[in-house]
Each structure stands twice: as structure tokens, then as C-alpha cells.
Amino acid sequence: MKLGFALPHVGPVATRENITATALEAEALGYDSLWTLDRLLKPKDPKTPYPGSPDGELDEQYHTVYEHLSVLTYVAAITSRLRLGVSVVNLPFYNPVLLAKRIATMDQLSGGRVSLGVGLGWSEDEADVTNTPYKERGRIGEEAVLALKALWSDDPVEFQGRYFTVPPSVFGPKPLQKPHPPLLMGAFAPVALRRAGRLADGFTGCCVSVDLLLDFRAQFEEAAAEAGRDPAALPTVIRCLVKLTPNPVDDQARPVAVGSWEQVRDDIQRLEEAGVDEVFFDVSFQPDNTDRGALLGYLERFRGILEEPVPA
């Protein structure tokens, strides 16, 4: 199983120097990938409470969020091997023509190292500021995926949809990866998992228990098979939003990577045994992740998580 790490582009630890140090150290340690997330703003009185925030108030981590694709473009220039992913772009908030151009350019400049996670977005506030009809974001997101694939296909390209229209055009550059960078779709609800199975090149999940993640993957693979696709060719990437506790968490619904070090290690080993292709660790919300020393300490510790013995 491949291992990745989230870049420090969120919260007090988000600085150019820390992003640089993390990227270079991750490559030196033999990680497989680096990842970012997509957040636009911190509403003072959110319509949609942020997950994990008490009483709807946002933690300090969301005061600063460097733009995800800009961070990956910068990191592409200072690394040579690591795959570069965003998990996930909230697709309905973006014009697919502009996004297709940007991703294709990134893929060319990085030497074909981009992975694009896509989702629908859960924040009604962010939908509002991007003029996205919140209740239509599922249909918009599906159409955007189809538009991206059309734009990355052979010229002349053309797309006619309800929300997006591209007249017959020449559109370049094309991505270096063929037919395009892998599109990993995040999904929780059954209808979204069916959509992912029909459209995506892989499944990505986070923030729920290992059992639920594996159930979601099974639903995704079932939908892919029903659409005439080979589930074995569609990878699964899990984001592990780390929350380490001094004592074990006694909760059957415990989210992946939440609990004692032993519980987190067991989660990762379970995912590996289940055939999950890749996990990446996000320590953005660890309370002691306040300086570069702590950040690089987590980077080194999680690199060896699969090498530790399974507890008796």
C-alpha cells in the first residue's frame, strides 16, 4: 500500500518554509504522494457547521488556507518523483474549462504527476459565494466531470450540457497522462457512490470508520461493475485525518486515524489487508503541530507505520 502526506497549507503551520521542508523531506523519506484540500473561506456565522468544530465555531486551522492547486504547482517545481493530489476539489464551485486548463498545465509541468480528487462540497456558504445552486451541486458536479473529460480529449473538443457549453474548439495543452489525470471521486451517500462508480477513475474517502470506508468502497465497486467497468482497475485512496489521543477511544464509530497510536496503526494495517491502494496522513488538526519540528516528526513517524509489528 502506498503512503502519502498532507502538505501544511492549512492553519498556523501553513508557511512557504514549512511547505518546502515537508515536500523535500517526504521525497527523501520515500513517500509516494503529497496532498492538499479545498477550502475557500471561514464564514463568521456558517449556514453549514464545520465538522469537528464545537458549537459551529471554526478552529484556528481554518483562519489560513493556502489555495490548493497553487501549492501543488509550487511543490511540483521542487520535487521530482512524488505524485501531487488534491482531496478534494469541490467541483461545482469551478468552471470546468478553467479547471481543465489549469490541471492540464500542472500535469505537463510536473511530468505527469497530478491526481485530481473531486467532490461536491458540503458548505452552503461556499456554494453561495461561488454562485452555485447548492441543491443542484450533484447534477453540476456530474456534468463538470463529463466536460473535463471532453476538454482533455482529442481536438476539436465540444461539449453541450445544461450548465456548461463548449463550442467546437482547439484546447491545449492536453494532460501528459493519458487519457487524463486520474479522477478520484469522494462520496458518502448511495446516489453519490453510484455516480462515482459510473464516472470516476477511483474512490477516495475519509472521516468515518474503517468499516464504513470499506462498505463505501464496496458500493463504489458494485456500481462500477454494473456500468461495465473493471473495479480492480479503479484504485481507492483514503485520507486519514489524524487525531491522536493518549488513551484508546472506546467507540465503534471511531473515525479512521482517530485514537491512540496503536488504534491508528491498526486502522492502517486493516486498510492494507483489505486491499486499499493508498492512504495519506493529514496532521493539520493535531494540537501540537505548531512548528516545523513537530511537523517533520509526524512525517517521519507515519512513514514507518506499516513497518511496526502487529500487536499480539
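In what follows, the structure referred to is the one given above.
Computed from a predicted model, the values in this text were never measured in an experiment.

*Asks:* What's the story with helix H3 (residues 96-110) in this structure? I'm lost.
*Replies:* Each α-helix turn comprises 3.6 residues. Residues three or four places apart therefore point the same way. Taking 1.5 Å per residue, 15 residues should reach 21 Å; H3 reaches 20 Å between its end C-alpha atoms and fits that length. Every buried residue of H3 is accounted for by Pro96, Leu99, Ala100, Ile103, Ala104, Met106, Asp107 and Ser110. Around the axis of H3, the buried residues are gathered within 160° of arc, so they sit on the same side. H3 presents Leu98 and Leu109 as exposed residues on the side facing more than 90 degrees away from its buried surface. Looking at the packing, one finds that the buried side of H3 touches helix H2 (68-78), strand E3 (83-90), strand E4 (114-119) and helix H5 (137-151). At the N-terminal boundary of H3, the capping side chain belongs to Asn95, with an oxygen 2.8 Å from the backbone nitrogen of Val97. Immediately downstream of H3, the backbone of Gly111 shows phi near 80°, a positive value.

*Asks:* Explain the pairing of strand E9 (residues 236-241) here, please?
*Replies:* Residues in a regular strand point their side chains to alternate faces of the sheet. Along E9, five of the six residues are buried, which leaves the element largely enclosed by surrounding structure. Summarising the sheet, strand E8 (residues 202-206) and E9 pair through four bridges and their orientation is parallel. Of the residues in E9, the one forming a bridge with Cys206 is Arg239. As for the winding sense of the linkage, the β-α-β connection from E8 through helix H7 (residues 210-226) to E9 is right-handed. Where E9 meets strand E12 (residues 278-282), five bridges bridge the pair, whose relative direction is parallel. Bridge assignment links Cys240 to a residue of E12, and that residue is Phe281.

*Asks:* Looking at this structure, I do not really get the packing of helix H1 (residues 16-29) against helix H9 (residues 292-303). What am I missing?
*Replies:* Two numbers describe a pair of packed helices, the interaxial angle and the distance between the axes. Running from amino to carboxyl end, H1 crosses H9 at an angle of 25°, the nearest separation of the two axes being 10 Å. Comparing their axes, H9 and H1 come out roughly parallel. Viewed along their axes, H1 and H9 form a crossing whose handedness is right-handed. Where H1 approaches H9, its residues Glu17, Asn18, Ala21, Thr22, Glu25, Ala26 and Leu29 are matched on the opposing element by Arg292, Leu295, Leu296, Leu299, Glu300 and Arg303. Residue composition of the contact of H1 with H9, by class: six nonpolar, two polar and five charged.

*Asks:* I tried to follow the nonpolar core on my own but got confused; where do I start?
*Replies:* Counting 77 residues, the largest nonpolar core has Phe5, Leu34, Leu116, Val279, Phe281 and Phe302 as its most contacted members. It is H5 that contributes the most residues to this core, seven residues altogether. For Phe5, the residues in contact, after removing those within four places along its chain, are Thr22, Tyr31, Ser33, Leu34, Trp35, Phe280, Phe281, Val283, Leu295, Tyr298 and Leu299. Ala6, Trp35, Leu184 and Val237 belong to the second largest nonpolar core, which has five residues in total.

*Asks:* What should I look at first to understand the environment of Tyr94 in this one?
*Replies:* Relative to the elements of secondary structure, Tyr94 occurs in the loop between E3 and H3. Expressed as a C-alpha distance, the spacing of Tyr94 and Gly228, which sit 134 residues apart in the sequence, is 29 Å. Apart from residues lying up to four places away in sequence, Tyr94 is in contact with Asp38, Leu40, His68, Val89, Leu99 and Phe164. Among the polar contacts listed, one links the side chain of Tyr94 to the side chain of Asp38, at a separation of 3.0 Å.

Scoring rules and cut-offs
Residues numbered from 1 in each chain as written. Predicted model: local features only at pLDDT ≥ 70, side-chain atom pairs only at ≥ 80, totals over all residues. Heavy atoms only, no water. Helix = DSSP H or I, 4+ residues; strand = E, 2+ residues; numbered from the N terminus. Expected span 1.5 Å × (residues − 1). Buried < 20%, exposed > 50% of the residue type's maximum accessible area, 1.4 Å probe, protein only. Arc of directions from axis to C-beta. Contact = heavy atoms within 4.5 Å. Polar contact = N/O pair within 3.5 Å; in protein donor to acceptor, adjacent residues only side chain to side chain. Pairing = 2+ DSSP bridges. Right-handed = clockwise from strand over helix to strand, strands pointing away. Axes fitted to C-alpha atoms, helices over the stretch in contact; angles between N-to-C directions. Parallel < 35°, antiparallel > 145°, perpendicular 65-115°, else oblique. Left-handed = near helix turned anticlockwise from the far one by under 90°. Nonpolar A, V, L, I, M, F, W, Y, C, P; charged D, E, K, R; others polar. Core = buried A, V, L, I, M, F, W, Y, C linked by side-chain atoms within 4.5 Å.

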